[in-house]
Amino acid sequence: MLNRFSVKNSSFHYNNLGCYYKLLCNMVAVGFSKSLLKSKRNERHFHTSRYLSQSLVLGIETSCDDTGAAIVDSKGNVIGEALHSQLQTHLEMGGIIPPIARDLHIENISRIVETALQNADLEIKDLSAIAATVKPGMPLSLLVGTHFAKQLCKKSNIPFIPIHHMEAHALTARMVEKVDFPFLVLLASGGHCLLAVANKIDEFLLLGESIDNAPGEVLDKVARRLKLRNLPAFSTLSGGKAIEELAKQGDATAFEFGNQPMYKYNDCSFSFSGLRAKIHRHVEREEKNHNIEADQVLPSAANLCASFQHALFGHICRRLQRGMLYVDMKQMIPEGARKLVVSGGVACNSHFRKYLSIVCAEMGYTLVCPPPKLCTDNGIMIAWNGMEKWTAGVGVAKDIDAIDIEPKATLGINMIEDVRSCNISLKKKGIKLLPKKVKC
């Protein structure tokens, strides 16, 4: 049904991008609703009674390059879901290209939402609310999911719940494990890296964030620089996953990366641009030493991956340790009930989780990591965040038309300056993650 209104085939041109999306998604939502109702009209349904006493929330995620939809109930059960990944397309393109990501969202969102509903054996009218990511993210991608969800809500007279992408990541663990507020949360992905205290469903204290790149972004770019896609075993993997797998064959102490990034700054913020510059210098030197040409992959690629991964995760863990000391100093989380929730695509890395386990064991925290499937972008986390807000009676839009996307959005109250003012030193408190590295 969506192909009739595809960007490629449309003969209409709009100067106002917002108006274009409103018109497009209005047509899509109307066509979607009619087709779904038509397909269900002559069927018998027995599902309604199963969920009569429970709330049901549909979540829609299009903040970056994955189109996701899912329905969850108030107990955290996933009733139905669907996901379209754009990974292979962007791997072939050498990175995410926003207009292409947008077009793929437009082509797939109707089918994905309808599939999620059909898998749940539900109709739109059975839903208590619809939630969608409105911030932060790539603007062209955010527009697709936001306007689609808003039009469905208005057409079906269903409440709309706007979702903060990072809040959704932070709270996903509560869906699969008992995690009471307050808790510490570390989010590491291709678009973000931040450390915060979650006090309530809608109350966060930001302790630190990346001042330049995101770890997932840097891992992807380093994988491209190392030409890992030219190795058959890694040709279909994301850059971060390729580095993780190849690093298992390497020596994490083979290459030196010098002082920790931002070692002079006693705060919890992160920086990854310096590490990226250092590994590029290592790669250039190695290519000269081995006379590498064209598409050849360095024989030392495994060692480079292992060493870079160690340096990057070591940096995150060091800033995390300072955050834990700050939390202890300010008595933000009761002793004996301290949990660290880690989410985002980078949190899927097994080596990273090993380092985090070491830090948590030393600092008296329980490490909570959602299943890898829930760490990456998906509709389930959006639906669950919507459910938490719906149950608590917070964050439901009073005026749907007043809700718009926010490509850049901070998380909660910024406490970074307060962390810095505490001047917490780690000179004699650093946690040992690996044996001392040797110079290459």
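Residues numbered from 1 in each chain as written. Predicted model: local features only at pLDDT ≥ 70, side-chain atom pairs only at ≥ 80, totals over all residues. Heavy atoms only, no water.

A word on the packing of helix H7 (residues 215-225) against helix H10 (residues 301-330). Close contact between H7 and H10 brings their axes to 12 Å; oriented N to C, the two are set at 170 degrees. One way to sum up the angle between H7 and H10 is to call them roughly antiparallel. From H7, Pro 215, Val 218, Leu 219 and Val 222 reach across to H10, where they touch Phe 308, Leu 312 and Ile 316. Split by residue class, the contact of H7 with H10 holds seven nonpolar, no polar and no charged. (Axes fitted to C-alpha atoms, helices over the stretch in contact; angles between N-to-C directions. Helix = DSSP H or I, 4+ residues; strand = E, 2+ residues; numbered from the N terminus. Parallel < 35°, antiparallel > 145°, perpendicular 65-115°, else oblique. Contact = heavy atoms within 4.5 Å. Nonpolar A, V, L, I, M, F, W, Y, C, P; charged D, E, K, R; others polar.)

The next point concerns the confidence of the model for the protein chain. Model confidence for the protein chain is summarised by a mean pLDDT of 88, while 86% of its residues fall at 70 or above. Every residue in residues 37-49 is under pLDDT 50, and counting partners more than four places away or in other chains gives 13 contacts. (pLDDT = per-residue confidence, 0-100.)

Mapped onto the elements, Leu 194 comes out in strand S7 (residues 193-200). Exposure remark for Leu 194: the relative accessible area of 6% places this residue in the buried category. Considered as a pair, Leu 194 and Leu 207 are 13 residues apart in the sequence and their alpha carbons are 7.6 Å apart. Leaving out residues up to four positions away in the same chain, Leu 194 has contacts with Met 166, Val 185, Leu 186, Leu 187, Leu 206, Gly 208, Glu 209, Phe 270 and Leu 411. (Buried < 20%, exposed > 50% of the residue type's maximum accessible area, 1.4 Å probe, protein only.)

Okay, the nonpolar core next. The biggest cluster of nonpolar side chains holds 67 residues, and the ones touching the most others in it are Leu 184, Leu 186, Leu 340 and Phe 352. At 16 residues, the largest contribution of residues to this core is made by H10. Every residue in contact with Leu 184, bar those within four places of it in the chain, is listed here: Leu 195, Ala 196, Val 197, Leu 207, Leu 320, Met 324, Val 327, Ile 333, Lys 339, Leu 340, Val 341 and Tyr 365. Ranked by size, the runner-up nonpolar core spans 29 residues in total, among them Leu 56, Ile 79, Ile 130 and Ala 397. (Core = buried A, V, L, I, M, F, W, Y, C linked by side-chain atoms within 4.5 Å.)

A few words now on the sheet that holds strand S1 (residues 56-61). Strand order in the open sheet made by the five strands is S3-S2-S1-S4-S5, with mixed pairing throughout. The open sheet terminates on both sides in strands that have one partner only, identified here as strand S3 (78-85) and strand S5 (160-164). The average undirected angle you get between the axes of adjacent strands in this sheet is 20 degrees. Where strand S2 (residues 66-73) meets S3, seven bridges bridge the pair, whose relative direction is antiparallel. Paired with Asp 66 across the strands is Ser 85, a residue of S3. (Pairing = 2+ DSSP bridges.)

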